[in-house]
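Per-entry structural report
Here is how the chains run, residue by residue.
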Amino acid sequence: MDESEKIKQLINQIVSELLKQKKEQPVSVIKKAKRVLIIESEKTPLNKFSNQFEQSLAQKYELIKKNQEQLQETEIDELILEIDQVILTNASLSLQSKLALGLGDCPLSLLLQEALVHGIPTIILADYLVETSQIQSDSYQRLFIKYQRIIKEHGIVIKKSKELFNGLVNKKQWITANEIALLNERQHLVIGQNDHLSYSAKEQLKQKKIQVIKTRGD
């Protein structure tokens, strides 16, 4: 065997070994994290809620934090293109009235208008909202009960952080056959405690002889 044949054979052996190592390397099904815009206020920063709540959000999503008092109108267009969801840590009575009436006369109300126009899910955390029962004027109290109903009709969700946290913790993540189709045969697939395989995904795994490794929760 001449020298060139030896070199060619050596290269083929190296390539074969690299391909073998690639097939044996465990992989995870990684989905692009949703980008969530957290709009805090001076009185209700995100860290005023439970540490577990903030940690759970950070584990599930890519967080973009903005202070509502410092939000600039020039930022709105870029933010709308970047984000998948909006969470407000609080909403004053003034802001609630603007949302109900469709007024956009400040950067925050303009941003929320654009979020609704573009179908971006928006949540207002109810933990520190002024309770309508605290409003002394009966007619004014009825007005803001009506405003909150209209806000919900617009598609904005108002809920407690604990309720949102429980939904995040217990939320199931489904892995489909389309995601398994991207994997090579005979790999090891690592999935999380809340990940669940669809029936068609399981069939794909069998066909490709991919072993599933499920990580334990903390």
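One structure accompanies this document, and this report is about it. Residue numbers run consecutively from 1 along every chain, following the written order of its sequence. Totals for whole chains, interfaces and linings use all residues, but because this is a predicted model, local features are given only for residues with pLDDT of at least 70 and pairs of side-chain atoms are given and counted only at 80 or more. The basis for the side-chain values is all heavy atoms of the structure; hydrogens and waters are excluded.

Let's talk about the overall build of the protein chain
Helix and strand definitions follow DSSP, with helices as H or I runs of at least four residues and strands as E runs of at least two, each counted in order from the N terminus. Within the protein chain one finds 9 helices and 10 strands. Burial status follows relative accessibility: with a 1.4 Å probe on protein chains alone, a residue under 20% of its type maximum counts as buried, one over 50% as exposed, and anything between as partly exposed. For the protein chain, the proportion of its 218 residues judged to be buried stands at 35%. In the protein chain, once contacts between residues fewer than 6 apart in sequence are set aside, the share between residues at least 24 apart is 70%. Accessible surface is estimated by sampling points in the Shrake-Rupley manner with a 1.4 Å probe; for residues, cover comes only from the protein chains shown. Carbon and sulfur atoms form 49% of the exposed surface of the protein chain, whose accessible area is close to 14,000 Å². Note on contacts: a residue pair qualifies if any of its non-hydrogen atoms lie within 4.5 Å across the two residues.

Concerning the side chain of Glu-40
Position of Glu-40 relative to the elements: it lies in strand 2 (residues 34-40). Positive charges come from Lys and Arg, negative ones from Asp and Glu, while His and the chain ends are left out of the count. Any carboxyl oxygen of Asp or Glu that lies within 4 Å of a side-chain nitrogen of Lys or Arg is treated as forming a salt bridge with it. Despite its burial, Glu-40 remains without a salt bridge, the nearest opposite charge being carried by Lys-65 at 4.3 Å. In contact with Glu-40, not counting residues within four places along its chain, are Pro-45, Leu-46, Asn-47, Lys-65, Lys-66, Asn-67, Gln-68, Glu-69 and Thr-89.

Here we look at the sheet that holds strand 3 (residues 61-67)
Here, a strand pair is defined by DSSP locating no fewer than two bridges between the strands. Taken together, the 5 strands give an open sheet; going across it, the order is 3-2-4-5-6, and neighbouring strands pair in parallel fashion. With partners counted over all chains shown, the strands left at the sheet margins are strand 3 and strand 6 (157-159), one partner each. Within the sheet, the average angular offset between the axes of one strand and its neighbour, ignoring direction, is 25°. Judged from the 7 bridges that link them, strand 2 and strand 3 form a sheet pairing that is parallel. The residue bridging Leu-37 from the neighbouring strand is Ile-64, located in strand 3. For every element, the axis is a line fit to its C-alpha atoms; helices are fit only across the contacting stretch, and the angle between N-to-C directions ranges from 0 to 180 degrees. Against the sheet, helix 2 (residues 51-60) makes contact with strand 2, strand 3, strand 4 (85-88) and strand 5 (122-125), and its axis sits at roughly 120° relative to strand 3, the strand it touches most.

Focus: helix 6 (residues 138-153)
Note on helix geometry: an α-helix contains 3.6 residues per turn, so any two residues three or four positions apart are oriented the same way. To estimate the expected span of a helix, subtract one from its residue number and multiply by 1.5 Å. Taking 1.5 Å per residue, 16 residues should reach 22 Å; helix 6 reaches 23 Å between its end C-alpha atoms and fits that length. Within helix 6, the full set of buried residues consists of Phe-144, Tyr-147, Gln-148, Ile-150 and Ile-151. The buried residues of helix 6 all sit within an arc of 160° when viewed along its axis, so they share a single face. Exposed and oriented more than 90 degrees from the buried face of helix 6 are Asp-138, Arg-142 and Glu-153. The secondary structure elements touched by the buried residues of helix 6 are helix 4 (93-101) and strand 6. The arc under discussion is defined with respect to the helix axis, by the directions toward the C-beta atoms.

Looking at the environment of Leu-63
Considering the arrangement of structural elements, one finds Leu-63 in strand 3. Through-space distance from the C-alpha of Leu-63 to that of Lys-34 is 8.4 Å; in sequence the pair is 29 residues apart. Look past the residues within four positions of Leu-63 in its chain and what remains in contact with it is Val-36, Ile-38, Leu-46, Leu-57 and Ala-58.

Observations concerning the packing of aromatic side chains
Within 6.5 Å between ring centres, the rings of Phe, Tyr and Trp (the latter by its six-membered ring) count as paired, and their orientation is classed by plane angle as stacked under 30 degrees, edge-to-face over 60, tilted in between. Scanning all chains against the criterion turns up 4 aromatic pairs. A centroid spacing of 6.0 Å and a plane angle of 55° characterise the contact between Phe-49 and Phe-53, whose relative ring orientation is tilted. Judged on exposure class, the residue Phe-49 and its partner Phe-53 are both buried. Seen from their ring centres, Tyr-140 and Phe-144 are 5.1 Å apart, and the 75° between their planes marks the pair as edge-to-face. Separated by 4 residues within a single helix, Tyr-140 and Phe-144 lie in helix 6, roughly one turn from each other. Three or more aromatic residues joined by ring pairs make a cluster, and in this case those are Phe-49, Phe-53 and Tyr-128.

Section: the pattern of salt bridges
This model, assessed by the stated rule, comprises 6 salt bridges. With its nearest N and O atoms 3.6 Å apart, the salt bridge here joins Arg-35 to Asp-84. You can see Arg-35 sitting in strand 2 and its partner Asp-84 sitting in the loop between helix 3 (76-82) and strand 4, a full 49 residues away along the chain. What makes Arg-35 partly exposed here is its relative accessible area of 22%. Classification of Asp-84 as partly exposed rests on a relative accessible area of 30%. Here Glu-203 makes a salt bridge to Lys-206, at a shortest N to O gap of 3.8 Å. Residue Glu-203 and its partner Lys-206 are both found in helix 9 (residues 199-208); the two are separated by 3 residues, about one turn of the helix. Lys-206 sits in the exposed class, given a relative accessible area of 60%.

Worth remembering: the numbers are spatial, not functional.
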